[in-house]
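Analysis of the macromolecular model
Spelled out from the first residue to the last, the chains are:
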Amino acid sequence: MRRAASGDDPARGCAQLHGTIVLLALVLPALLYATREAAAQELEPRLLTNVPVGMNFGVIGYAYSRGNILLDPAVPVEDLDSKLHTFVAAYVRSIDVGGLASKVDVVVPFAAGDWKGRLEGQDTARSVTGFGDPRIRLSVAFVGAPALEAEDFGTYQQTTIVGASVQVIAPLGQYDSSKLLNLGSNRWTIRSVVGASHATGPWTLELYGGAWLFGKNSDFFGGSTVTQKPLVVGKTHVIYRFPRGRWLAFDLGYGIGGRSTIDDDVRDTRISTFRFGLTLAFPMGSAHTLRLVAASGARVERGPDFDALGTTYQYRWGGMP
């Protein structure tokens, strides 16, 4: 790191650098989540779609993303370029919760990434490989999707479904407090979503709103403590169903909030970013499905700018007569 030149404000430079460290450490797990969503369909269209009780889904996926993950262009890191390969394994099961159609799912990611940029005029780079934070989620449909066994499911027709989900992200991923960039976040996170899905003919419109609630990281880089305000999100999907089980979804999401504090010093790190996506799914036989996903992030004030391409293979079993 260069020394302050004559006329520089060393305290200001130190504050900027500290802010940069916070920004990078907070947004790296977020980018991992975003690309994992692209690969595992963790924020998938058709989240509230009803399926017979006892049906299981096994998913494996891969996504490649590239872009600038820096939240604030005013801080000293310049020309940041990230390349991230994300692999996921997921399990989903349809269950009955008090007569309501519900699902529980678990997602475990593994990622390898490279980051290159310039920090205060000097080249800097880091490569990271390891497991990210795993997630477990419960989704429940309160209206329009009763829990049905396979023998009763043939007469079911979706109109409007209203439901919610709660997801817990556990701090079990790769984390080293002596390193600036990690794939794990070293804090608990809860993500809650409420949404509705309305189907008419071959079209389905879905609307979701929710929030990310972040725990405290007391072992942050440099021995600091980091907290973060909630991140509020909204999302919509427009889905068209083709014959023989194929479908195409256009996705749009927006997130705002997430301002961070380091050792009681509030940072100007509010996220404001859009996410765009396109998902194409087509079955291969009665139990196999392949999905192709494209996603892109574009910031309004701050947030990651990235592009991602992913694919998943899904195998279904159980829940059928």
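Cut-offs applied
Residues numbered from 1 in each chain as written. Predicted model: local features only at pLDDT ≥ 70, side-chain atom pairs only at ≥ 80, totals over all residues. Heavy atoms only, no water. Helix = DSSP H or I, 4+ residues; strand = E, 2+ residues; numbered from the N terminus. Buried < 20%, exposed > 50% of the residue type's maximum accessible area, 1.4 Å probe, protein only. Contact = heavy atoms within 4.5 Å. Salt bridge = Lys/Arg side-chain N within 4 Å of Asp/Glu carboxyl O. Polar contact = N/O pair within 3.5 Å; in protein donor to acceptor, adjacent residues only side chain to side chain. Patch = residues over 30% accessible without salt bridge, like charges linked within 9 Å, V, L, I, M, F, W, Y side chains within 5 Å. Areas by Shrake-Rupley, 256 points an atom, 1.4 Å probe, with all protein chains shown as cover. Lys, Arg positive; Asp, Glu negative; His and termini not counted. Charge placed at Lys NZ, Arg CZ, Asp CG, Glu CD.

Moving on to the overall build of the protein. When helices and strands are tallied, the protein shows 2 helices and 17 strands. Burial analysis of the protein (321 residues in total) assigns 48% to the buried set. Restricting the contact set of the protein to residue pairs at least 6 apart, pairs at least 24 apart contribute 65%.

A few words on the pattern of salt bridges. Per the counting criterion, the structure on display carries 1 salt bridge. Here R137 and D105 are joined by a salt bridge, their closest N and O atoms 2.8 Å apart. Pair noted here: R137 is in strand β5 (residues 135-143) and D105 is in strand β3 (residues 100-119), with a separation of 32 residues, a long-range link. Under the relative-accessibility criterion, R137 is labelled buried at 4%. Residue classification places D105 among the buried residues on the basis of a relative accessible area of 5%.

Let us now look at the side chain of H237. Residue placement: H237 occurs in strand β11 (residues 231-241). Within polar-contact distance, the side chain of H237 engages the side chain of K235 at 2.8 Å. Polar contacts involving the side chain of H237 include one to the side chain of D251, which spans 2.5 Å.

Before going further, it helps to spend a moment on the side chain of S224. The topology assignment puts S224 in strand β10 (residues 224-228). Its relative accessible area of 4% is what places S224 among the buried residues.

For N186, which is not glycine, the phi dihedral falls at a positive 55°. Inspection of the secondary structure puts N186 in the loop between β6 (160-169) and β7 (189-200). At D263, a residue that is not glycine, the phi angle is positive and equals roughly 50°. Take D263: it is sitting in the loop between β13 (260-262) and β14 (265-266). Residue D263 is classed as partly exposed on the basis of its relative accessible area of 42%.

Take a negative patch on the surface next. Together, D96, E149, E151 and D152 make up a negatively charged patch on the protein surface. Here D96 shows up in strand β2 (residues 77-97).

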